[in-house]
Amino acid sequence: MISLEFLVATGIGAVTATAIYLVLRGRTWPVIIGLSLLGYAVNMFIFAMGRLWQNAAPILAEGGRVADPLPQALVLTAIVIGFATTGFVVELALRSRHESGSDHVDGHEPGHGPVSRPSDRAA
């Protein structure tokens, strides 16, 4: 029988592998999706390392077991920061697409030279 730890580790590994594959693509949108997936994989890793406590108080109490609130706080903070960062990167990608006329991360399509603008030719 497969253990739950193995399934969680395999799931985190699959999401991480997918994220790395997408980050290495040549277009901006797969890179953005890959960065988001990588953030989700890191969040799941942090959350899994914090363990699931059953029958434990979330705050200090009179004796007994106490659950560690730090992993949940870190993941919640990472979700908020990740959402803001993703919004910023989407805006950068839209601006880059508008400025260069290409969705490629280098600013020009493979097999073509760099895009020359009229302002570049005048100089």
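Rules and cut-offs
- Residues numbered from 1 in each chain as written.
- Predicted model: local features only at pLDDT ≥ 70, side-chain atom pairs only at ≥ 80, totals over all residues.
- Heavy atoms only, no water.
- Axes fitted to C-alpha atoms, helices over the stretch in contact; angles between N-to-C directions.
- Helix = DSSP H or I, 4+ residues; strand = E, 2+ residues; numbered from the N terminus.
- Parallel < 35°, antiparallel > 145°, perpendicular 65-115°, else oblique.
- Contact = heavy atoms within 4.5 Å.
- Nonpolar A, V, L, I, M, F, W, Y, C, P; charged D, E, K, R; others polar.
- Buried < 20%, exposed > 50% of the residue type's maximum accessible area, 1.4 Å probe, protein only.
- pLDDT = per-residue confidence, 0-100.

Student: Mind laying out the packing of helix H2 (residues 28–49) against helix H3 (residues 70–100), listing which residues take part and the relevant values?
Tutor: Direction vectors running N to C along H2 and H3 enclose 175 degrees, while the axes themselves pass 10 Å from each other. Comparing the axis directions of H2 and H3 gives the class roughly antiparallel. Where H2 approaches H3, its residues Thr-28, Trp-29, Ile-32, Ser-36, Asn-43, Ile-46 and Phe-47 are matched on the opposing element by Pro-71, Gln-72, Leu-74, Val-75, Ala-78, Ile-79, Thr-86, Val-89, Val-90, Ala-93 and Leu-94. Considered class by class, the residues forming the contact of H2 with H3 number 13 nonpolar, five polar and no charged.

Student: Give a detailed account of the side chain of His-104, specifying residues and quantitative values.
Tutor: Relative to the helices and strands, His-104 resides in the loop between H3 and helix H4 (118–122). Overall, His-104 belongs to the buried group, its relative accessible area being 13%. Residues within four places of His-104 in sequence aside, it is in contact with Gly-26, Arg-27, Thr-28 and Pro-110.

Student: Describe the confidence of the model for the chain, naming the residues involved and giving the relevant values.
Tutor: For the chain, the mean per-residue pLDDT works out to 84, and 88% of the residues sit at or above 70. Ranking the elements of the chain by mean pLDDT puts H4 last, at 59, and helix H1 (residues 4–23) first, at 94.

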